[in-house]
Amino acid sequence: MTAPALIQLSAVTKRYGSGASELLALKGIDLDITAGEFVAIMGPSGSGKSTAMNILGCLDTPTSGQYLFKGAHVESLTRDQRARLRRRYLGFVFQGFNLLARTSAQENVELPLLYRGDSASTRRVAAAKALQSVGLGGWERHTPAELSGGQQQRVAIARAIVTEPAVVLADEPTGNLDTQRSHEIMGLLLALNRDHGITVLMVTHEPDMAAYARRMVHFLDGRLARDEVNANPVTAAPADLATSEST
Ligand SMILES: Nc1ncnc2c1ncn2[C@@H]1O[C@H](COP(=O)(O)OP(=O)(O)OP(=O)(O)O)[C@@H](O)[C@H]1O
Ligand SMILES: [Mg+2]
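Residues numbered from 1 in each chain as written. Chains lettered and ligands numbered in written order. Predicted model: local features only at pLDDT ≥ 70, side-chain atom pairs only at ≥ 80, totals over all residues. Heavy atoms only, no water.

Considering the sheet that holds strand β3 (residues 38–42)
For clarity, the threshold we go by: When DSSP finds two or more bridges between a pair of strands, those strands are recorded as paired. A run of H or I in DSSP counts as a helix once it spans at least four residues, and a run of E counts as a strand once it spans at least two, with each numbered from the N terminus. For helices, the fitted axis covers only the stretch in contact; all axes are lines through C-alpha atoms, and the angles between them, taken along N-to-C directions, range from 0 to 180 degrees.
Taken together, the 6 strands give an open sheet; going across it, the order is β6-β7-β8-β3-β9-β10, and neighbouring strands pair in mixed fashion. The open sheet has two edge strands with one neighbour each: β6 (90–94) and β10 (223–229). Direction aside, the axes of adjacent strands within the sheet are offset by 15° on average. Relative to strand β7 (residues 167–171), β6 runs parallel, the two sharing 5 bridges.

Some points on the confidence of the model for the protein
Here is the rule: Within a predicted model, pLDDT stands for the predictor's per-residue confidence, ranging from 0 to 100. Whether two residues are in contact is decided by their heavy atoms: any pair within 4.5 Å suffices.
Averaged over all residues, the pLDDT of the protein equals 94, while 95% of them reach at least 70. Counted against residues more than four places away or in other chains, residues 242–247, with its pLDDT under 50, gives 12 contacts.

Concerning the sheet that holds strand β4 (residues 64–69)
Taking strand neighbours across the sheet as the criterion, the 4 strands line up as β2-β1-β4-β5 in an open arrangement whose pairing is antiparallel. Each edge of the open sheet is held by one strand with a lone partner, namely β2 (23–34) and β5 (72–73). The pairing of β4 with β5 spans 2 bridges and is antiparallel. Among the inter-strand pairings, Leu68 is bridged to a residue of β5, identified as His73. Against the sheet, helix α1 (residues 49–56) touches β1 (5–16), β2 and β4, its axis set at about 125° to β1.

Some words on the site of ligand 1
Note the following rule: A molecule or strand has a residue near it when one of that residue's heavy atoms lies within 4 Å. We define a polar contact as two N or O atoms separated by no more than 3.5 Å, with the added condition that, inside protein, one atom must be a possible hydrogen donor and the other a possible acceptor, whereas residues neighbouring each other in sequence contribute only through side-chain atom pairs. Using a 1.4 Å probe, the Shrake-Rupley method yields the accessible areas, and only the shown protein chains count as cover for residues.
Taken together, 13 residues form the shell around ligand 1, and within it Ser45, Gly46, Lys49, Ser50 and Thr51 come nearest. Between an oxygen atom of ligand 1 and a main-chain N or O atom of Gly48, the distance comes to 3.1 Å. Residue His205 places a side-chain N or O atom 2.9 Å away from an oxygen atom belonging to ligand 1. For ligand 1, whose free accessible area comes to 640 Å², the fraction covered by protein is 59%.

Observations regarding the packing of helix α3 (residues 105–116) against helix α5 (residues 149–161)
What counts here: Working definition: roughly parallel below 35 degrees, roughly antiparallel above 145 degrees, roughly perpendicular at 65 to 115 degrees, and oblique for all remaining angles. Each crossing gets its handedness from the near helix: less than a right angle anticlockwise from the far helix is left-handed, clockwise is right-handed. Only Asp, Glu, Lys and Arg are considered charged, only Ala, Val, Leu, Ile, Met, Phe, Trp, Tyr, Cys and Pro nonpolar, and every remaining residue, Gly among them, polar.
One way to put it is that α3 packs onto α5 with a least axis distance of 7 Å and a crossing angle of 30°. Taken together, the axis directions place α3 and α5 in an arrangement best described as roughly parallel. Along this stretch, α3 crosses α5, giving a crossing that reads as right-handed. Contact residues: α3 offers Ala105, Asn108, Val109 and Pro112, while α5 offers Val155, Ala158 and Arg159. Here the residues of the contact of α3 with α5 are counted per class, giving 5 nonpolar, 1 polar and 1 charged.

Regarding the side chain of Gln151
Cut-off, in case you're wondering: A 1.4 Å probe rolled over the protein chains alone gives each residue an accessible area, and that area as a share of the maximum for its type sets the label: buried under 20%, exposed over 50%, partly exposed in between.
Note that Gln151 resides in helix α5. Overall, the relative accessible area of 3% leaves Gln151 in the buried class. At 3.0 Å, the side chain of Gln151 and the backbone nitrogen of Ser148 are in polar contact.

With respect to helix α2 (residues 79–89)
Rules: Each direction from the helix axis to a C-beta atom contributes to the arc, which is the arc of those directions.
Within α2 the residues assigned to the buried category are Arg82, Ala83, Leu85 and Tyr89. With its buried residues spanning 160° around the axis, α2 presents them on a single face. For α2, exposure combined with an orientation more than 90 degrees from the buried face picks out Asp80, Arg84 and Arg88. Contacts made by the buried residues of α2 are with β4, β6 and β7.

Focus on the pairing of β7
Rules: Here the term right-handed applies to a crossover when the path leading from its first strand over the helix to its second strand runs clockwise, the strands being oriented away from the viewer.
Among the 5 residues that make up β7, 5 are buried, leaving the element largely enclosed by the rest of the structure. Covered by surrounding structure in β7 are Val167, Leu169 and Asp171 together with Val168 and Ala170, the residues of both alternating faces. Inspection of the sheet shows β7 paired to strand β8 (residues 199–203) by 5 bridges, in the parallel sense. Residue pairing across strands places Leu169 opposite Leu201, the latter belonging to β8. This β-α-β element, β7 to helix α6 (residues 179–196) to β8, shows right-handed connectivity.

Quick look at α1
Across the 8 residues of α1, 6 count as buried, placing the element largely inside the fold. Of the residues making up α1, those classed as buried are Lys49, Thr51, Ala52, Met53, Ile55 and Leu56. One or two steps after α1, the chain reaches Cys58, where phi turns positive at roughly 60°.

Let's talk about unusual backbone geometry
Phi is positive for Cys58, which is not a glycine, with a value near 60°. By the secondary structure assignment, Cys58 is in the loop between α1 and β4. Despite not being glycine, Lys70 shows a phi value in the positive range, around 50°. Relative to the helices and strands, Lys70 is located in the loop between β4 and β5.

Shown next as structure tokens:
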């Protein structure tokens, strides 16, 4: 028996606007993702990658079609139910880090736990552990302005995993980083996937970063143009990077 899909999109469409300004951003997407996969989503600008990620992340709903998450029909959930699903199962990483300024790394990472109603002591311990796991032990009190881009993205990853999500959705997580920092971030995402069994869905324009994924899904003009297995994924960030200063 094959493993049941964690995520199932069936004939998903997304329309923005109406009348003359109407735009069909997704034109019927069928996509099954099994727990534990590492998927790179690629395709030209405007092909619908972020639109699909927003739907997958329960931040937005399809215009038509079905989205099953663990067998639940996401498209018919209320806004509150979707928010709960998001808080319980999903973690997000964005190109622009999206950290709160003038707020310490520790507090940024604690935020999802605060929304969840965890106690201050639970939050403190879990956030410190998450920061440790992304190599930022000792940086808890620094604010984003006092951190490099690579470090800010690590804080964002710590924030994404502090709730122990089933899925991490990353939309161009290395888009604002240089090559070395990009590989470091990919090494982290790889470890989340391999060592913690977290399903990773990542949008990227960079073939070098997509090469870490075991599956590549290509969007073209609102459709899935190609869905392929990467038989030889990169299994570790380049060795010369592992020993370098991680800032
Ligand atoms: N909120 C919105 N309102 C109206 N149109 C939108 C909205 N979001 C996206 N679109 C349009 O939908 C299409 C798909 O956009 P989307 O952001 O999904 O593309 P993308 O593949 O993520 O591109 P990029 O690589 O540039 O990030 C584009 O034509 C875009 O202009
Ligand atoms: Mg996008």
